[in-house]
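# An overview of the molecular structure
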Amino acid sequence: MVASSLRSFIKDVRGAKTLADERSIITKQSAKIRTKLRDDRLSNEKKRVNIQKLLYLYILGEKTHFGQVESINLIASDNFVDKRLGYLATLLLLDESQDLLTLLTNMLNNDLQHPNKYIVALALTTLGCLSSTELARDLYPDVENILRTSTDPYLLRKALQCNAKLIFKDRSLLEIFPIDLIGSKLLNNQTVCTHGVLLGICKVLQAILISLDNSLKYHSDSELNDQDEQQRQKDLEQDISIVKTISELIPQLSSRLSSLNSKNLEPAYDVQGIQDPFLQCELIVTLKWFFKIGNNLKLEEITQHNSSFDYLLTQLATNTSSAKNPGNAILYEVTRSIFELQLSQPLRVLGINILANFLTPTKNSTIGNNVKYVGLNTLIKVVPEEPAAVQRYRKFISQCLYDYDISIKFRALALTFAIMNEQNLKELTTELVKFLEQISSSHYNYATSYIDMDDSKDLVVYTVDSLLRKFEIFSNGDDKAEMDTLLTILKKTGNFIDLEKVNEFLIAINNIDDLQHKINTFSQELSESFNKKENKNAPFENNTCMDLVLVWCLGEYADLIKLNSYTDSTILNDTSIVQYLLELNDRYRLSNDTRMIHYILTSALKLSAKIVDKQALENLRQIIVSHSKDANLMIQTKSVQYELLFNQPDSVKKLFLQAMPKFEKKIMDGTEANLSYRGLASSKPHETKNDILLDLLGDTTTTSKVAQSNAAPEKKNSDLLSELLASSGGSANTPATSGISAATNETISLPSDSVLIHEGNELQVYENIIDISSGLAHLELYIKAKENEIKNIQPLCAVPKTQKLTLSQLRPGNDIGVGEFAKQSLKISGSGKLKLRIKLSFQKNGNAASESEQFDYKLDKTI
Amino acid sequence: MSHIKYLLLVSRQGKVRLMQWYTPLTPKQKTKIINDLTPLILTRKPKMCNILEYNDHKVVYRRYASLYFICGITNNQDNELLTLEIIHRFVETMDTYFGNVCELDIIFHFDKAYDILNELIMCDGSMAESSKKEILNNIHAMDAIQNNDHLDRVLS
């Protein structure tokens, strides 16, 4: 029998023990259906069974294309059963993009005129789901006919829905659509105008308004020639006249909405105490579209209702109960209309209040969650419009940080950062630190799944990132608090964030002015950390980021920390500091991230100038030497070079191992953070480094060394600084030898189009532009020695703060003979006018004393 | 205006029990959506909210006993909260029709479930009728015609 055989098929599939069993049942059945359907003599009853089985295959996600034609054929039958199943199958198995739809035209045409209203309804449903543009054109008259003649609300609502779809499909149908029908026949007739019909009317009106809106958008985008322009104008006028006609319905729709909202009469439409929220929302959206277009085109017919719509929205906002989800759905729709139409300020504040109300916890947790999600999501969008109103709900937003749902947490975070400003920085930071604390500790408290761990990692990284960025924008002038916050964050979240991020912490810490507090804090941190090492029972926390910061601060501030009055010298002394470094060196020697080793090396080098204990010094040297055979080339290079520096006398070392200057960070392309040194020289570090090393290696006279160290101590600072922070660690050092050997036998000649920009006592400087494009300029400077041989030229260049300068190596070398040239190429990136300040220091005629020439040069070009 | 892109009914074991697509998609895209969403939604904890972002649109779901009702909706157009109510309407209507509906009812009488769905949601996924009673009356009327047909054939 019919049911039983479909039933048995379903049972078989469900009863299959293994996936392979199930597969074989399905393939067998599928093949059987395929052959059966090809058989023309099959009775309709059998056909139905097969189509039903086919539909089950469809639900299982199997291929069903072979049944499409048979499904359509079933519609042609006179029996209601066949038609019903045929339409269902057609609706499911076909979609709008298929050519097969043309087969439907005739059948739909017949059925749309069928005396049985259910058959008409089936045809309308199918047409609504599957209407290609051709079908829309061919069958539109039938649908319109139903609208005109039928008085059955059931058919009318289906016809309206279908009509709306057809108008979407083919806009030209709008011209013939009998708009007056809606007002005269439907809206004014109480018996006909059921909720379903009203939903349909809304749908049609929306279809008209949206397609008009689309064509307005399309027209403003495209440029047309005169003829098209005229056509366009005509279309537009016609559209506007249509809108004017339908705008007569606004008062009726408004009063419908208003009465729906205030009364609750019919139990059939009641949803948890709210009268038909579906229709209410649909009416709000329809009206919103009216006003959107009306305000856009400044149509008197629509704008005259503006104030009454404002009033209506206020009424809805105050009367609708927010206790249950349906009420919230309406309130949500109201706020969306308020912000989409950019209504007056009091209404916007009302909207914010509604949304903020969504954030307050309710009894029912899941429903409350959805409302929170929606509220936060919308608030994020509208913050820029009413920042002050959102500010007031900081507490609510902070509460959402502790929601169970990660997506809500994220949105609450985003919103918190969106409302952060100078005034509330402190308050919100405290809140966020609390949040970080909670999330990182909960991570230890119970065994969480990997997903949760990833989630909290994302959250932490996002929070820390945004917080650092905010710290950069707003300084609240309270260095102490900022310092403490930074350290707390590091301690709490060190396990979650990348070492990469620590750079930004270091920059922030380095830029803090209150040195005393900084030293006090670090002194305390180090003491604690050292204590922990001694006390083996203390829980071992592997906070690499914190270690890194401590290593860095030892290198920077060890001398100051030792002198600090809070420091307990029994815990913090030369031996213990070096011991600490040694331990870390051993611990991280084998770790994958070599960044730590880079920091340890630099710190060891810097400490060498700050420590007096002989044994400790030797240990420091051991740390550096221990990496001289490191498999990592960069570390190896660094170790060898540092050892050379290490062995220099203190007087030399002190100069270039000074504490770091303050530096500012520039955000390039939004992601890459470039560091540049704020000061006279922003010379490329590579070069100076090379020079120092060259001198050291070449064992030149001490005089030149002194001269050099006099010349630019800051420069070396910037060098170390960038090295310390460069993500690749040692890359700065690699070209140490190669650059020099290549530089010997090159003579430079002056290009013909270069311009003289400086005429000094000893030097002439020419400038030649290679290339200037937006954001990037490439220049060359040619330095000519006039009457004396010049040695050891040190070019120092500076550009405006908005730009970044890269200096390449001086060619052919730092020494030039009489009448010879040296070439210096400069790359400037950034924006603004091109301006250069250049200082050239040099030695003349083998004279040990250093001389210098300085000049400014402005190009008439902007990048 | 509500503009549901698709409605899926998925069991807790990840089996599809019903699907209806209101936008034309290739079979490949459909399979991808099902395969992506099923694990995503089945692993969500009860305390989490019922809205998630997927590709370019939002997905609203709700669990009833062992079945997940999943709706893809259009961003910035659909009302997430209202979509939850539409799902609930659908479930309520089936509940009255089948009398305490369970997963098995939907498995064995998927055609009926589709009939109810088509009365509730039409065209491009827009709500066509908000009254449960009205929908049920029409479904029962159609069932009656179908049975009469049947009876006529047996008699003749």
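Model, not experiment: these values are computed from the prediction.

Thresholds applied
- Residues numbered from 1 in each chain as written.
- Chains lettered and ligands numbered in written order.
- Predicted model: local features only at pLDDT ≥ 70, side-chain atom pairs only at ≥ 80, totals over all residues.
- Heavy atoms only, no water.
- Contact = heavy atoms within 4.5 Å.
- Buried area = accessible area lost by both parts, 1.4 Å probe.
- Salt bridge = Lys/Arg side-chain N within 4 Å of Asp/Glu carboxyl O.
- Helix = DSSP H or I, 4+ residues; strand = E, 2+ residues; numbered from the N terminus.
- Phe/Tyr/Trp six-rings, centres within 6.5 Å; stacked < 30°, edge-to-face > 60°.
- Buried < 20%, exposed > 50% of the residue type's maximum accessible area, 1.4 Å probe, protein only.
- Lys NZ or Arg CZ within 6 Å of the ring centre and 35° of its normal.
- pLDDT = per-residue confidence, 0-100.
- Pairing = 2+ DSSP bridges.
- Axes fitted to C-alpha atoms, helices over the stretch in contact; angles between N-to-C directions.

Attention shifts here to the interface of chain A and chain B. With 77 residues of chain A at the contact, the number on the chain B side is 65 residues. Of the roughly 6400 Å² buried between chain A and chain B on both sides combined, carbon and sulfur atoms contribute 56%. Ranking the residues of chain A by area buried against chain B places A:Ile59, A:Arg84 and A:Phe278 at the top, with a combined share of 12%. Counting across the chain A and chain B interface gives seven salt bridges. The salt bridge partner of B:Lys15 is A:Glu22, with a shortest N-O separation of 3.7 Å.

On to the side chain of A:Gln315, then. Relative to the elements of secondary structure, A:Gln315 occurs in helix 16 (residues 306-319). Filtering out sequence-adjacent residues up to four positions away, A:Gln315 remains in contact with A:Ser258 and A:Asn261.

This part takes up the packing of aromatic side chains. Taken as a whole and judged by the stated rule, the model has ten aromatic pairs over all chains. Between A:Tyr766 and A:Phe821 the ring centres are 6.1 Å apart and the planes differ by 65°, which places this aromatic pair in the edge-to-face class. Here the residue A:Tyr766 occupies a position in strand 6 (residues 763-773), and A:Phe821 occupies one in strand 10 (residues 821-830), the gap between them amounting to 55 residues. Each member of the pair, A:Tyr766 together with A:Phe821, is buried. Judged by centre distance (6.0 Å) and plane angle (75°), the rings of B:Phe69 and B:Phe90 are edge-to-face. Within this pair, whereas B:Phe69 is found in strand 5 (residues 67-73), its partner B:Phe90 is found in helix 2 (residues 80-98), the two being separated by 21 residues in sequence. With respect to burial, B:Phe69 and B:Phe90 carry one shared label: buried. Three or more aromatic residues link up through ring pairs in this structure, and these residues are A:Phe9, A:Tyr56 and B:Phe110. A cation sits over an aromatic face here: A:Arg7 above B:Phe108, 4.6 Å from the ring centre. The ring of A:Trp289 has A:Lys292 sitting right over it, with the charged end atom 4.6 Å from the ring centre.

All names here are of chain B. Averaged over chain B, the pLDDT score is 85; the fraction of residues at 70 or greater is 98%. Element-level pLDDT for chain B is lowest in helix 5 (residues 132-155), with a mean of 81, against a maximum mean of 90 in strand 5. Overall fold confidence for the complex sits at a pTM of 0.69, while the interface term, ipTM, reaches 0.90.

Glancing now at unusual backbone geometry. All names here are of chain B. In this structure, alanine 65 is a non-glycine residue whose phi angle is positive, near 50°. Structurally, alanine 65 is set in the loop between strand 4 (57-64) and strand 5. Unusually for a residue other than glycine, asparagine 100 sits at a positive phi of about 55°. Mapped onto the elements, asparagine 100 comes out in the loop between helix 2 and helix 3 (103-108). By relative accessible area, asparagine 100 is classed as exposed at 63%.

Here we come to the sheet that holds strand 6 of chain A. Residue and element names in this part refer to chain A. Across the sheet, five strands lie side by side as 5-6-7-10-9; this open sheet has antiparallel pairing. Unpaired on one side and paired on the other, strand 5 (755-759) and strand 9 (803-807) mark the two borders of the sheet. Strand-to-strand twist of the sheet, defined as the mean angle between neighbouring strand axes without regard to direction, takes the value 25°. With four bridges connecting them, strand 5 and strand 6 associate as antiparallel partners. Note on strand 6: the bridge partner recorded for leucine 756 is tyrosine 766.

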